[in-house]
Amino acid sequence: PQLYDKIKHFARFPQTGVSLKQMVMFVKQQKVRNPRQRHFLRRANFYTVSKTQKKKELPIRLAHRVKELDELPRSLGDMPSIIKVKNWYAQSFQELIELSPPELSTEMKSSFRNATKSSHAFPQSIPNLAIPQVKPVTNYHPSVAIGHRYYNNFENIECTPPILAYTDSFVKTIEGVKRRHDPVVTTMAQGIMEYKQHRKSNMIDADVQQFLDRFYMSRIGIRMLIGQHSALYRGPFMRNYVGVICTRTNIKEIAQDAIANARFICEDHYGLFRAPEVQMFCPGDIEFMYVPSHLNHMVFELLKNSLRAVVERFGPDYEDEYPPIKLVIAHGKEDITIKISDEGGGLPRSGIPVVWTYMYTTAQAQELEPEFNKSEFKAPMAGFGYGLPISRLYARYFGGDLKLISMEGYGTDAYLHLNRLSNSDEPLIM
Ligand code: W6P
């Protein structure tokens, strides 16, 4: 009751998107050579709060999700699994708003302010500390900025027990939230199955589709923010990494990795000696800013689908005759595109939209099985589960897209477009 009032209150604030570029900008701006200094600055930036955006982003986003789950038509919203998911969001929301920032004395506050302005406030133990003017981050994600706008990770400030306790418990809390929400996709899928079983439907599938696209997109964003905060807080601080973002993601290496994994899974699943070959065509080493885990996830998913199509078209007894899958990487000014072409017989044109839906999937039950019955884990080879629609959301999250073009009777081309500039805003409303 009281909690739901708070949720309603937070849900009235608009969600604020942040681009990949924004997420790394403030680290890149400063050319700091001393690694120790860089380390401090990175963290300092991270704790900076925009002056204009004082509301906290994570609770706002969670509140929006609770509200939306609550406003679903009863036929869907009353399903036990959907209610379970809604309760997770409500609980996470509560945990976040119950974290109160430490009391700061006036001296503490002013000492923090001075610390950002002059080098005098910094301990001599940090060598050659020429403090650049660290500007408050505008447009940066406010949830990341934990309620006060002081640079609190410099040595003299970091050691203040109440601050440390607070930043620590904040990180622990959001990490707990992330873990709690791990099973959201499978639980929502279960909810959809429950809905399909006893639907007295007043909801059309297109609405369910739209709702889930928005819901999962929001989930990607929330998890990105949490992952980013956690990685920046805990380290390790790796070369070319800002949190989970790699500023020099090597697409060729990631593709090679995904190829090896997908082929292994395919061999395991079909009991093959050799999965179909995957030939890669990549002009040199392309490096760009991206989240390697997202990229890996998408390429792996597409490859699994292609491998499956090829093996199922030719059968497991024709291992030596499988036509190879071709993976072409192209880079232009705007986009980096990965095309994955298989000769797996393709799909009828009418079947393409179905690939993107959460409602029609046939493989769903099998795919969910491993989650429920971990002892009998079978590699998740079977498509079309949620793999493709969710991969498309990952692509769109940073301004890219995923498209399929199929020649029925021959094969399928998947185009994964990735935005090179990455300055598109986080899509929160689709
Ligand atoms: C197919 C179906 C499909 C979906 C996604 C990617 C590749 C392929 N190949 O036959």
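All figures in this text were calculated on a predicted structure; none of them were measured in a lab.

So, how was this worked out
Residues numbered from 1 in each chain as written. Predicted model: local features only at pLDDT ≥ 70, side-chain atom pairs only at ≥ 80, totals over all residues. Heavy atoms only, no water. Near = heavy atom within 4 Å. Polar contact = N/O pair within 3.5 Å; in protein donor to acceptor, adjacent residues only side chain to side chain. Areas by Shrake-Rupley, 256 points an atom, 1.4 Å probe, with all protein chains shown as cover. Nonpolar A, V, L, I, M, F, W, Y, C, P; charged D, E, K, R; others polar. Pairing = 2+ DSSP bridges. Helix = DSSP H or I, 4+ residues; strand = E, 2+ residues; numbered from the N terminus. Contact = heavy atoms within 4.5 Å. Axes fitted to C-alpha atoms, helices over the stretch in contact; angles between N-to-C directions. pLDDT = per-residue confidence, 0-100. Core = buried A, V, L, I, M, F, W, Y, C linked by side-chain atoms within 4.5 Å. Buried < 20%, exposed > 50% of the residue type's maximum accessible area, 1.4 Å probe, protein only. Left-handed = near helix turned anticlockwise from the far one by under 90°. Parallel < 35°, antiparallel > 145°, perpendicular 65-115°, else oblique. Phe/Tyr/Trp six-rings, centres within 6.5 Å; stacked < 30°, edge-to-face > 60°. Lys NZ or Arg CZ within 6 Å of the ring centre and 35° of its normal. Salt bridge = Lys/Arg side-chain N within 4 Å of Asp/Glu carboxyl O.

A. Inspection of the site of the ligand at higher detail. As a structural note, the neighbourhood of the ligand is formed by Asn305, Ser306, Ala309, Asp342, Leu347, Leu388, Leu404 and Thr412. The contact in question runs from a nitrogen atom of the ligand to an N or O atom on the side chain of Asp342, over 2.8 Å. Here an oxygen atom of the ligand and a side-chain polar atom of Thr412 are 3.4 Å apart. Here the ligand loses 97% of its free accessible area of 270 Å² to cover by the protein chains. Partitioning the shell around the ligand into residue classes produces 4 nonpolar, 3 polar and 1 charged.

B. Representation of the sheet that holds strand β1 (residues 241-242) in the model. What the 3 strands build is an open sheet, ordered β1-β2-β4; its pairing is antiparallel. Of all strands in the sheet, those with a lone pairing partner are β1 and β4 (287-290), marking the two edges. Examined bridge by bridge, β1 and strand β2 (residues 245-250) share 2 bridges and lie antiparallel to one another. When the bridges of β2 are listed, Tyr241 appears paired with Cys246. Running at roughly 80° to β2, helix α12 (residues 251-270) makes contact with β2 and β4 of the sheet.

C. Quick look at the confidence of the model for the chain. For the chain, per-residue confidence averages 77 on the pLDDT scale, and 69% of positions sit at 70 or higher. Model confidence for the chain, summarised as mean pLDDT per element, is weakest for helix α8 (residues 155-158) at 36 and strongest for strand β3 (residues 278-281) at 98. Across residues 26-55 the pLDDT falls below 50, and counting only partners more than four positions away or on other chains, this stretch makes 83 contacts in the model. Below a pLDDT of 50 lies the segment residues 362-379, which in the model reaches 23 contacts outside its immediate sequence neighbourhood of four places, other chains included.

D. Representation of the nonpolar core in the model. Core analysis: the biggest nonpolar cluster contains 98 residues, and Met188, Tyr216, Leu295, Leu303, Leu327 and Ile338 have the highest contact counts within it. Ranked by the residues each element gives to this core, the list is headed by helix α11 (residues 205-234), at 12 residues. Setting aside residues up to four positions removed in sequence, Tyr216 forms contacts with Val185, Met188, Ala189, Tyr358, Tyr386, Ile390 and Leu393.

E. The packing of helix α13 (residues 292-314) against helix α16 (residues 387-397), seen in detail. α16 packs onto α13 with a crossing angle of 145° between their chain directions and a minimal axis gap of 10 Å. Along this stretch, α13 crosses α16, giving a crossing that reads as left-handed. Facing α13, whose interface residues are His294, His297, Met298, Glu301, Leu302 and Asn305, α16 presents Gly387, Leu388, Ile390, Ser391, Tyr394, Ala395 and Tyr397. When its residues are assigned to classes, the contact of α13 with α16 shows 7 nonpolar, 5 polar and 1 charged.

F. Layout of the sheet that holds strand β8 (residues 411-419). Pairing within the open sheet is mixed, and its 5 strands lie in the order β3-β5-β6-β8-β7. In this open sheet, the two edge strands, each paired with only one partner strand, are β3 and β7 (401-407). The sheet shows a mean angle of 15° between the axes of neighbouring strands, taken without regard to direction. Direction of pairing for β3 relative to strand β5 (residues 325-331): parallel, over a ladder of 4 bridges. Along β5, the bridge assignment pairs Gln279 with Lys326. In the packing of α12 onto the sheet, the strands contacted are β3, β5, β6 (335-342) and β8, and the crossing angle to β3 comes to about 175°. Along the sheet, α13 contacts β3, β5, β6, β7 and β8; its crossing angle with β6, the most-contacted strand, is approximately 20°.

G. Highlighting the side chain of Glu175. Tracing the chain through its elements places Glu175 in helix α9 (residues 161-180). Owing to a relative accessible area of 17%, Glu175 belongs among the buried residues under this scheme. With near-sequence residues (within four places) excluded, Glu175 lies in contact with Ile226, Ser230 and Arg234.

H. Geometry of the packing of helix α4 (residues 57-70) against α11. At their nearest, the axes of α4 and α11 sit 11 Å apart, and the two run at 160° to each other. As far as their axial angle goes, α11 and α4 are roughly antiparallel. Judged by the twist between their axes, the crossing of α4 over α11 is left-handed. For the pair formed by α4 and α11, the contact residues are Glu57, Leu58, Arg61, Leu62, Arg65, Glu68 and Leu69 on the first element and Phe211, Arg214, Phe215, Ser218, Gly221, Ile222, Leu225 and Ile226 on the second.

I. Main features of the packing of aromatic side chains. Following the criterion strictly, the structure yields 11 aromatic pairs and no others. The interplanar angle of 65° and the centroid separation of 4.6 Å between the aromatic rings of Tyr397 and Phe398 together place this pair among those described as edge-to-face. Here Tyr397 and Phe398 have matching classes, each one buried. Of the aromatic side chains, those joined through ring pairs into one cluster are Tyr89, Phe211, Phe215, Tyr216, Tyr358 and Tyr386. Stacked on the ring of Trp356, the Lys or Arg Arg392 has its end atom at 4.3 Å from the ring centre.

J. Expanded view of the pattern of salt bridges. Within this structure, the stated rule accounts for 15 salt bridges. The salt bridge partner of Arg214 is Glu68, with a shortest N-O separation of 2.3 Å. Separated by 146 residues along the polypeptide, Arg214 in helix α11 and Glu68 in helix α4 bring together distant segments of the chain. Taking the relative accessible area as the measure of exposure, Glu68 reaches 17% and is therefore buried. Note that Arg234 and Glu175 form a salt bridge whose closest N and O atoms lie 2.8 Å from each other. Taken together, the residues Arg234 in helix α11 and Glu175 in helix α9 connect sequence positions 59 residues apart. Residue Arg234 is classed as partly exposed on the basis of its relative accessible area, which comes to 44%. Within this structure, Arg65, Glu68 and Arg214 form a network of salt bridges that share partners.

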